[in-house]
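Descriptive analysis of the structure
Next come the chains, spelled out residue by residue.
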Amino acid sequence: MRIVGKNIARFFAKPEQSLLVDVIKLNNRNKNISLDKARDVIDGKLLEPKLAELGTTSVQIERKLKEQFPAAKKEIENIFLNLNSVAGISARPKGSVSIITKLEREFLHGAPIKSFDDAYKIVRDGIGDRILLKPLPELSSKEIKKMLQEFKLDGRELSKKEMQILEKYVYNHPMSKDEMRMGFPIFEKFSRPLIEKQTQQAVDYISLGIIKDRMNKGLSIAEIKEKGLLSEELLQKLQTEDIKPINFSLINNYRGEFGLPTFTNGQLQQIERAAGGNITIISRPDVLDFDKYPKEYLDKMKKCIRQSGYRTCQGNIVHQNGANGECQFRDIFTNNFAEYEHIAYDLRMGKNTLGPLFDDYKKEISKLSDAKYEKYTEYLQQCYNYYNRKSLGLPAKKPSLPKGFNKILSEDNMKKLHDANELRLKDLGKNFTQHFEDVA
Amino acid sequence: MIKYDIKKINNKNIYFRPRLKMNISQELDKMITTVKARVEREIPDKGFFRSFAENFENKDSKLFGKYIAMSVERDELRDGEALLKLSVLHPNLPVDASNLLVAGNRKKILDYMNKENFKDEVENTVLKLSNSLKNTKF
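These numbers were taken from a predicted model, which means no experiment stands behind them. (Residues numbered from 1 in each chain as written. Chains lettered and ligands numbered in written order. Predicted model: local features only at pLDDT ≥ 70, side-chain atom pairs only at ≥ 80, totals over all residues. Heavy atoms only, no water.)

Quick look at the overall build of chain B
In terms of regular secondary structure, chain B is built from 3 helices and 4 strands. Put simply, chain B has 138 residues, and 48% of those count as buried. Here the contacts in chain B between residues at least 6 apart in sequence split such that 54% fall between residues at least 24 apart. With an accessible surface of roughly 7,800 Å², chain B has 50% of that area assigned to carbon and sulfur atoms. (Helix = DSSP H or I, 4+ residues; strand = E, 2+ residues; numbered from the N terminus. Buried < 20%, exposed > 50% of the residue type's maximum accessible area, 1.4 Å probe, protein only. Contact = heavy atoms within 4.5 Å. Areas by Shrake-Rupley, 256 points an atom, 1.4 Å probe, with all protein chains shown as cover.)

What follows is the structure, given as structure tokens:
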């Protein structure tokens, strides 16, 4: 290896993905780093030697995460993999290119980086775990009818108009935006038993894991009983099963404008009770059945919800070995769609790390006016809702690409591009080894 | 008399507890008083009740958050119980960060709110929630 210009070289961490590093510091395991925004940033960009310093730290963080990864992965698998409702778990340590992107963005937004530890703390999703939930069996028309007949809204019968809208929602008939706005809160309450059927086991073991973690820090069974932190059934499990601890600090319940949540409000309440104030929940206050904030203000803000309908429940966790991680819960259908849904958003935001196969798609996306792009993201939101309905066993009609859009933008084509790109990357990775190249 | 080792006192080990500005502190007092009265009045021993909240707009530019709210949410799993929560609304997004303060029946919530250090806990939680919103993207 020959290095041009001081000690800086380009480190290829993955095929087609590289970052600048200081090779001497890397070889000497020198973890010193100190960035100063006033000194090291010009025209909104980090100076090259400092970028190499950040690159070095990113590679060092990647190496640390790789060491922490096996135990962290095992920890999550021990808790969730054997549950009947879990289809599988995928996990990965974050790579150095992704780490430097995050560090640079956060530093430019004001996060201080004066040491390796500062940088490590910023990478809150260092270990990414995805718990994939099984879909529910498709509901028969008889089962749906029974559910509709027995459904009560806050303990009362539905009016004729409310029932008509709910039926439209349940059977996935076309609806106007106004009908959707009116019907969505009812549909959400109607769907709660289905959501809970799909995710309750995961929620129970999150709650139990949180309690076990607190017990390791001094919480007693007597306190759990006295404060009512767990239901009788879970308390029984806690005392008879080998429960593994889990340390969640924050849960983010993402969903689109008319998207059902991954965990219901009642399930979040269960987790909050178990955590006893040690967990922060980030969620949408506009979908609660009471006004927490002035309604007019929230209505104004609604336009800022990510229009694609991105939907997941994710929590920041600190693994038992100290590794920072992000644990996501999704059904498998939603997860498959989420793998490629984000490409439109990424391209629109100017990220171009998707490879040459996406060039034609990119051209089409860049041609869309803002109004047309908004319409396109509504289509993506409908796709999210379609896969979610399917996973809950509800009637679901696959949305078609609205008229006036090039077929290249269809969901089917996005999937094809994504799959082809995965194969291409797999191919490139076959003979790839991480290496340094000169900086010309 | 307590003796201090002056050599050990330097800028590194003196901890300045961040405090909220006076006007927020007063608003919090008002909010706590109103919520307390509503808990007394609106949480029944048993049966359905509507969840409720009180809020005020944050005008301190140093605190990240548009509104601060204290809510009493009906416990969906236990009859006659509620969750007392504190929340801070993101300044630009329709998302908020919430933290549970206490869960239980009317008496338990009121006892908790009457604790001597309750206001301190509320202030600390507001600061914590405001910080957690800074990293939120939606």
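Anyway, onward from the coordinates.
Description of the domain arrangement of chain A
Residues and elements named next belong to chain A. Under the domain assignment used here, chain A contains domain 1 (8-67 + 94-123), domain 2 (141-334) and domain 3 (340-430). For domain 2 versus domain 3, the distance between C-alpha centres works out to 27 Å. At the junction of the two partners, domain 2 supplies 25 residues and domain 3 supplies 18 residues. Contact between domain 2 and domain 3 buries roughly 2,000 Å² in total, counting both sides, with carbon and sulfur atoms accounting for 56%. Taken together, the links from domain 2 to domain 3 amount to 1 salt bridge. (Domains from an automatic or database assignment. Buried area = accessible area lost by both parts, 1.4 Å probe. Salt bridge = Lys/Arg side-chain N within 4 Å of Asp/Glu carboxyl O.)

Notes on the packing of aromatic side chains
Residue and element names in this part refer to chain A. Evaluation of the coordinates by the stated rule reveals 18 aromatic pairs over all chains. Here Phe11 and Phe436 contribute two aromatic rings whose centre-to-centre distance is 5.1 Å and whose plane-to-plane angle is 45°, an arrangement assigned as tilted. In this pair, Phe11 is assigned in strand S1 (residues 8-14) and Phe436 in strand S11 (residues 435-437), connecting sequence segments 425 residues apart. With relative accessibility at 2%, the residue Phe11 sits in the buried group. (Phe/Tyr/Trp six-rings, centres within 6.5 Å; stacked < 30°, edge-to-face > 60°.)

Comments concerning the interface of chain A and chain B
Interface size is commonly expressed as the accessible surface area that is lost when the partners come together. Taken residue by residue, the interface counts 46 residues in chain A and 43 residues in chain B. With both sides pooled, the region where chain A packs onto chain B buries about 3,500 Å², and carbon together with sulfur makes up 51% of that total. Contact with chain B buries surface across chain A, with Arg273(A), Lys292(A) and Tyr293(A) losing the most and accounting together for 19% of the total. Linking chain A with chain B are 6 salt bridges. Residue Glu76(B) pairs with Arg192(A) through a salt bridge whose shortest N-O separation is 3.4 Å. Counting every contact that joins chain A to chain B gives 21 residue pairs in polar contact (both at pLDDT 80 or more). Taken together, the elements giving at least two residues each to the side of chain A that touches chain B come down to helix H4 (96-108), helix H9 (221-227), strand S7 (248-254), helix H11 (265-275), strand S8 (280-283) and helix H12 (295-301) of chain A. Top contributing element to the side of chain A that touches chain B by residue count: H11(A), with 6 residues. (Polar contact = N/O pair within 3.5 Å; in protein donor to acceptor, adjacent residues only side chain to side chain.)

Section: the packing of helix H13 (residues 332-348) of chain A against helix H15 (residues 370-391) of chain A
All names here are of chain A. Running from N to C, H13 and H15 cross one another at 170°; their axes reach a closest spacing of 9 Å. Taken together, the axes of H13 and H15 are roughly antiparallel relative to one another. Across the interface between the two elements, Phe333, Thr334, Phe337, Ala338, Tyr340, Glu341, Ala344, Tyr345 and Arg348 of H13 pack against Asp370, Tyr373, Tyr376, Leu380, Cys383, Tyr384, Tyr387, Asn388, Lys390 and Ser391 of H15. Of the residues belonging to the contact of H13 with H15, the class tally is 12 nonpolar, 3 polar and 4 charged. (Axes fitted to C-alpha atoms, helices over the stretch in contact; angles between N-to-C directions. Parallel < 35°, antiparallel > 145°, perpendicular 65-115°, else oblique. Nonpolar A, V, L, I, M, F, W, Y, C, P; charged D, E, K, R; others polar.)

Points about the sheet that holds strand S2 (residues 17-22) of chain A
Residue and element names in this part refer to chain A. What the 3 strands build is an open sheet, ordered S2-S1-S11; its pairing is antiparallel. Each edge of the open sheet is held by one strand with a lone partner, namely S2 and S11. Each adjacent strand pair in this sheet contributes to an overall mean axis angle of 40°, direction not counted. Alignment of S1 against S11, held across 3 bridges, turns out to be antiparallel. Bridge pairing in S11 places Phe11 opposite Phe436. (Pairing = 2+ DSSP bridges.)

Side note on helix H14 (residues 359-367) of chain A
All names here are of chain A. The set of residues buried in H14 consists of Tyr361, Glu364 and Ile365. The arc enclosing the buried residues of H14, seen along the axis, measures out at 100°, which places them on a common side. H14 presents Lys363, Ser366 and Lys367 as exposed residues on the side facing more than 90 degrees away from its buried surface. For H14, the secondary structure elements touched by its buried residues are H13, H15 and helix H16 (411-430). (Arc of directions from axis to C-beta.)

Concerning H16(A)
Residues and elements named next belong to chain A. Here H16 is 20 residues long and its end C-alpha atoms lie 29 Å apart, about the 28 Å a rise of 1.5 Å per residue gives. Restricting attention to buried positions, one finds in H16 the residues Glu411, Asn413, Met414, Leu417, His418, Asn421 and Arg424. The buried residues of H16 all sit within an arc of 150° when viewed along its axis, so they share a single face. When the buried face of H16 is taken as reference, the exposed residues oriented beyond 90 degrees from it are Lys416, Leu423, Lys426 and Lys430. (Expected span 1.5 Å × (residues − 1).)

Considerations on the confidence of the model for chain B
Across chain B, pLDDT averages 86, with 82% of residues at or above 70. The complex model carries a pTM of 0.88, and its ipTM stands at 0.83. (pLDDT = per-residue confidence, 0-100.)

Quick word on the sheet that holds strand S10 (residues 324-331) of chain A
In space, the 10 strands of this open sheet follow the order S5(A)-S6(A)-S10(A)-S9(A)-S7(A)-S8(A)-S4(B)-S3(B)-S2(B)-S1(B), with mixed pairing throughout. The sheet is open, and its two edges are formed by strand S5 (86-93) of chain A together with strand S1 (52-57) of chain B, each paired on a single side. Averaged over all neighbouring strand pairs, the angle between strand axes comes to 20°, with direction disregarded. Summarising the sheet, S7(A) and S8(A) pair through 3 bridges and their orientation is parallel. Across the sheet, the residue bridging to Ile251(A) is Ile281(A), located in S8(A). Contacting S5, strand S6 (127-133) and S10 of chain A, H13(A) crosses the sheet at an angle of about 115° to S10(A).

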